[in-house]
Structures are given as structure tokens and as C-alpha cells.
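One letter stands for each residue in the lines below.
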Amino acid sequence: MPERTPGQTVGPFFHYALPYDGDRELVAPGTGIRLHGIVYDGAGSPVPDALIEIRQADAAGVVPVVPGSLVRNGVFTGWGRCATDRVGEYWFSTVEPGAVDGGAPFFAVTVFARGLLDRLFTRIYVPDHPALTNDRLLASLDADDRARLIATRGADGSLQLDLHLQGDNQSVFLTYPGHK
Amino acid sequence: MADAARGGDDWLVNEPVAPELAQEQISAEIAAAHAGPGGVRVEPSGPALDFAPYRSSLLRFPTKDLRQADPEGAELLAPVFGEHDVDPLEADLTIQAGGEPLGERILVAGRVLDGDGRPVRDQLVEIWQANASGRYIHQRDQHPAPIDPNFTGVGRCLTDADGNYSFTTIKPGPYPWRNHRNAWRPAHIHFSLFGTDFTQRLVTQMYFPGDPLFGLDPIFQSISDPAARERLIATYEHDLSQHEWLLGYRWDIVLTGSHATPLEDEDHA
Ligand SMILES: [Fe+2]
């Protein structure tokens, strides 16, 4: 088996390379929901130079395997990218993912930032879904950590979850068997 | 592009300025970290996230254990990209701005493989880099080296059916940064990669052989295993060089393991 290539930080200079027009608009703004939050560091300061990517199912629970994330042409690809702004906020215009094979619906999330030497993985779960109680990852966590993975629904239907890279409120970051 | 175009913004502070912090101190910290235990890592051979010689990491690494998860749903499927997404001309960084950029013209080529050695086909590769003088187009780069009006330093391509990628570009220069006094990054190209699973996502940096700055750089040295560090260094390959035109470098990339079963893999083949 070939030996793995290590990661390195995304650094401070990705903004002119990785963001692109429509990167955070999986659907046209106003036609779906807004997923948003603020990225914080261990001192509680917002992180204005992070990059968040999401991967998700459509509303029917189907994960699209179709091209078109860079030039969307109205196709829902289930993938998006958003650099945080000056107050550390990320946002996506998207749809609420449906349950895949009956599991609790979530957005799969990757976090990059200056100062973060390797990418981090996490999930953002859709709140109030009956399958949350059967989810294996959530069941393995205490109540505080569980709450840190589940979005809050706003009055307008938006989903909100802040990400904390470090500190008492640190988000739950994940590794997968393939990373071993 | 949109963010870089916010001219005049001063909210993008550069790396913390530590004018009194000597390279000797950073080098001693690197040596101590390599001799010490563990470190917080996403992968065993990856960089230590809690690598204090890289000062910007101090408040940005998770102090709580990472949790093991079994991938499911969207985590099992990377996004896919197609011919609509990427113009083949984006793989040549020397023809993007109208004129010839200054510097040493190079080809960087290699294969993207998954953890089992299978090629990652038809997948997006993104790169960004400084110009030959060590200057990024980025608004935030205040290094007083010349901007090259004929070089943006951004490229994209799709791998072919065997996982091959190839970029024509200019060899980037090393550049100073503000981690400590007289801190210089070894010349590098930033790479962004996808596999077949979402969990195989990788962003890393490719370096050039024989760089005298390797031992001094806390980002490169955040990988404590020397053999793993070597895997970030391209090799000069004369067969990739082109007569009276450019010099060729090869760099193969190996992602983490896919979670697909062999049967599923055949279905998708
Ligand atoms: Fe760089």
C-alpha cells in the first residue's frame, strides 16, 4: 500500500484561489434555507480566515453524485464552500437534507483555517428529527457534546451552528476508519 | 476572487508579528516537539495540530480528543466535477494573464491515489502559489517583492482515467512571514484534493527538492516523521522536462483509505 501524503495548513493566502462565485449557493438564495454560524478560536475570538465545506443529501435523502459544483447551472450537487467573513461567519444557501437510509440527517463538514495545520471533519445535524435518538455517533457522546453537533432552527427556518476550534465549547471533531 | 478584491480592507491582519523571537528559539522548540510525545493528529502520519513553533496554531487546535465515527450518508461520497466545471486551460498558469510570467517555467505532474493505491479518476485538483519573487496576488500579502502582472498563481485541473494531473507553472519563490524574526517559508505550491469519499478531502503543500529552509520551517516540521515529510517533496524528473522549454517535477499524492467495499468499487468502475 502506498504511503499517505500528510496535510498542511491552508495558510493565509487561499482567498484568491479557492472561493468562487456561487460557492456557497447550493440553491439560489431565498429558495431554500440558510445554514450559518460563526467560527471561533480558543480565546473566543471569531476566525476570519477559515474555509468551511459541506456535503449533504437533498431533501429526499439522496446524495447527488453529479458534476456542477463550480459552475452550477441550476443543478443541486450537494456540495458547497464558504470562506468565513470578517466576523468569522460562514453561510450557505441550501436545502435541509433528508434522512439517508433512515439515518439522522446531517451536513458533513470540513474545516480549514490559517493556523490549523490539518483539516478537521465534523457534522451538523438537523434538529428535531426522530432519527437523532438512534444515531450512533450522538449516542456515544454526553449531552453537552451532542448539543454541540445539532443545529438550532431559527424562526425563518434557517439552521445555525457555531464552530469552536478549541475551548470549553469545542466542537466535536471526527476521524474515520480510513484515516487510521 | 471576491474576497481578494476587497481592496483597502485592513481587517486581514497578517500572521502575528514577533520581531524579538529568534529562529534559534523556534528551532529549539521544533527539536523538542519532535523528541516529545504524541501531538494531536487527525491521521497518524499527519502534522501535529498543536505544534507551538507555528504560533498561529496555539488557539486553533482541538484540545479534546477527536471522535471516531463510521462514515455514512454524505460522508461516503465526494463531490464530483466535470467538463463544465473546469476549463482545460486552467491547468496552464503561464498563459492566464495575457503575457509570459517571469521565472523558471516548470511542469508539475503526478497521480492522485487513494489509500489502497487505486487512481482517483476525473477528480478536481486546485493549486495556488506565490510568483517567482515569492509574492502572492492576495491583498493580505504585504511582502515588498514585485507582483508579476502576468501571473495569478491559481490553477485547476481534473485528473484523467489513471489519476494523472499536470500543471504548467512558474517555480514559486520562498517568502518571509511573521511567525518569528527572519522567518521564511520554503518554496511551495498549495494543493487542494478530493477522493471518492468525502472523508478523503485533503489540503496540503508541495515542496521542491533540496530547499535549505526545510529544517527551519515550523509548518513543514509540524510533521514529525522525516519519511512523511519527504512525501511532500517533489522529485526532479528529467523525462518530464521539455527541450528548451521547461523543467519537470513529479509529485504523487496518496489520500486516506476509501470506505467503499471492493464490490461497490467494481460497480462504480
Ligand atoms: Fe503559501
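Residues numbered from 1 in each chain as written. Chains lettered and ligands numbered in written order. Predicted model: local features only at pLDDT ≥ 70, side-chain atom pairs only at ≥ 80, totals over all residues. Heavy atoms only, no water.

What to know about the interface of chain A and chain B
Turning to step 1, where the next piece is worked out: Between chain A and chain B, the contact holds 81 residues from the first and 90 residues from the second.
Turning to step 2, where the next piece is worked out: Among the residues chain A hides against chain B, the three largest losses belong to A:Gln8, A:Phe13 and A:Tyr16. Together they make up 12% of the total.
Turning to step 3, where the next piece is worked out: The partner of B:Glu43 in a salt bridge is A:Arg4, with the nearest N and O atoms 2.8 Å apart.
Turning to step 4, where the next piece is worked out: On the surface where chain A and chain B come into contact, there are 42 residue pairs in polar contact (both at pLDDT 80 or more).
Turning to step 5, where the next piece is worked out: For the side of chain A that touches chain B, the secondary structure elements donating two or more residues are strand S2 (50-55), strand S3 (79-83), strand S5 (106-113), strand S6 (120-125), helix H1 (136-139) and strand S10 (174-175) of chain A.
Turning to step 6, where the next piece is worked out: The element contributing the most residues to the side of chain A that touches chain B is S5(A), with 6 residues.
Turning to step 7, where the next piece is worked out: The residue inventory of the side of chain A that touches chain B, partitioned by class, reads 43 nonpolar, 19 polar and 19 charged. (Contact = heavy atoms within 4.5 Å. Buried area = accessible area lost by both parts, 1.4 Å probe. Salt bridge = Lys/Arg side-chain N within 4 Å of Asp/Glu carboxyl O. Polar contact = N/O pair within 3.5 Å; in protein donor to acceptor, adjacent residues only side chain to side chain. Helix = DSSP H or I, 4+ residues; strand = E, 2+ residues; numbered from the N terminus. Nonpolar A, V, L, I, M, F, W, Y, C, P; charged D, E, K, R; others polar.)

Brief notes about the sheet that holds strand S9 (residues 202-207) of chain B
Residues and elements named next belong to chain B.
Turning to step 1, where the next piece is worked out: Across the sheet, which stays open at both edges, the 4 strands sit in the order S4-S3-S8-S9 with antiparallel pairing between neighbours. For this open sheet the edge positions go to strand S4 (154-158) and S9, each flanked by a neighbour on one side alone. The average angle at which neighbouring strand axes cross in this sheet is 20°, direction not considered.
Turning to step 2, where the next piece is worked out: Bridging between strand S3 (residues 124-129) and S4 involves 5 bridges; their strand directions are antiparallel. (Pairing = 2+ DSSP bridges. Axes fitted to C-alpha atoms, helices over the stretch in contact; angles between N-to-C directions.)

Some words on the confidence of the model for chain B
Turning to step 1, where the next piece is worked out: The share of residues in chain B with pLDDT of 70 or more is 90%, and the mean pLDDT across the chain is 90.
Turning to step 2, where the next piece is worked out: Per-residue pLDDT stays below 50 along residues 1-13 of chain B; that stretch engages in 19 contacts with residues further than four places along the chain or on separate chains. (pLDDT = per-residue confidence, 0-100.)

Re the UniProt feature "domain: Intradiol ring-cleavage dioxygenases" (unreviewed entry) in chain A
Turning to step 1, where the next piece is worked out: Feature annotation in UniProt assigns "domain: Intradiol ring-cleavage dioxygenases" (unreviewed entry) to the following positions: residues 28-99 of chain A.
Turning to step 2, where the next piece is worked out: Along residues 28-99 of chain A the backbone is 0% helical and 35% strand, and the end-to-end C-alpha distance reaches 22 Å. (UniProt positions renumbered as here; feature names shortened; annotations may be inferred.)

Looking at the coordination of the iron ion
Angles at a metal have ideal values that depend on geometry: 109.5 degrees with four tetrahedral donors, 90 or 180 degrees with six octahedral donors.
Residue and element names in this part refer to chain B.
Turning to step 1, where the next piece is worked out: Within the first shell, the iron ion binds the protein through Tyr136 (OH), Tyr175 (OH), His188 (NE2) and His190 (NE2), at distances of 1.9 to 2.2 Å.
Turning to step 2, where the next piece is worked out: Around the iron ion sit 4 donor atoms; with metal-centred angles ranging over 92 to 156°, the donor geometry is irregular.
Turning to step 3, where the next piece is worked out: In primary-sequence terms, the residues that donate to the iron ion follow Y-x38-Y-x12-H-x1-H. Comparing His188 with His190, the two get one shared label, buried. (Donors = N, O, S within 2.8 Å, 3.2 Å for Na, K, Ca; no water. Tetrahedral: all angles 85-135°; square planar, octahedral: opposite > 155°, others 65-115°. Buried < 20%, exposed > 50% of the residue type's maximum accessible area, 1.4 Å probe, protein only.)

Here's the deal with the nonpolar core
Turning to step 1, where the next piece is worked out: Residues A:Tyr90, B:Tyr165 and B:Phe191 are the most contacted members of the largest nonpolar core, which totals 73 residues.
Turning to step 2, where the next piece is worked out: Ranked by the residues each element gives to this core, the list is headed by S5(A), at 4 residues.
Turning to step 3, where the next piece is worked out: Setting aside anything within four residues of it in sequence, one finds B:Tyr165 in contact with B:Val108, B:Ala109, B:Gly110, B:Arg111, B:Val112, B:Val125, B:Cys157, B:Thr159, B:Phe191, B:Trp251 and B:Ile253. (Core = buried A, V, L, I, M, F, W, Y, C linked by side-chain atoms within 4.5 Å.)

Some thoughts on helix H1 (residues 23-35) of chain B
Residues and elements named next belong to chain B.
Turning to step 1, where the next piece is worked out: Here H1 is 13 residues long and its end C-alpha atoms lie 18 Å apart, about the 18 Å a rise of 1.5 Å per residue gives.
Turning to step 2, where the next piece is worked out: Of all the residues in H1, the buried ones are Gln23, Ile26, Glu29 and Ile30. End-on, the buried residues of H1 take up no more than an arc of 125°, which puts them together on one face. What points out from H1, more than 90 degrees from its buried face, is the exposed set Glu24 and Ala35. (Expected span 1.5 Å × (residues − 1). Arc of directions from axis to C-beta.)

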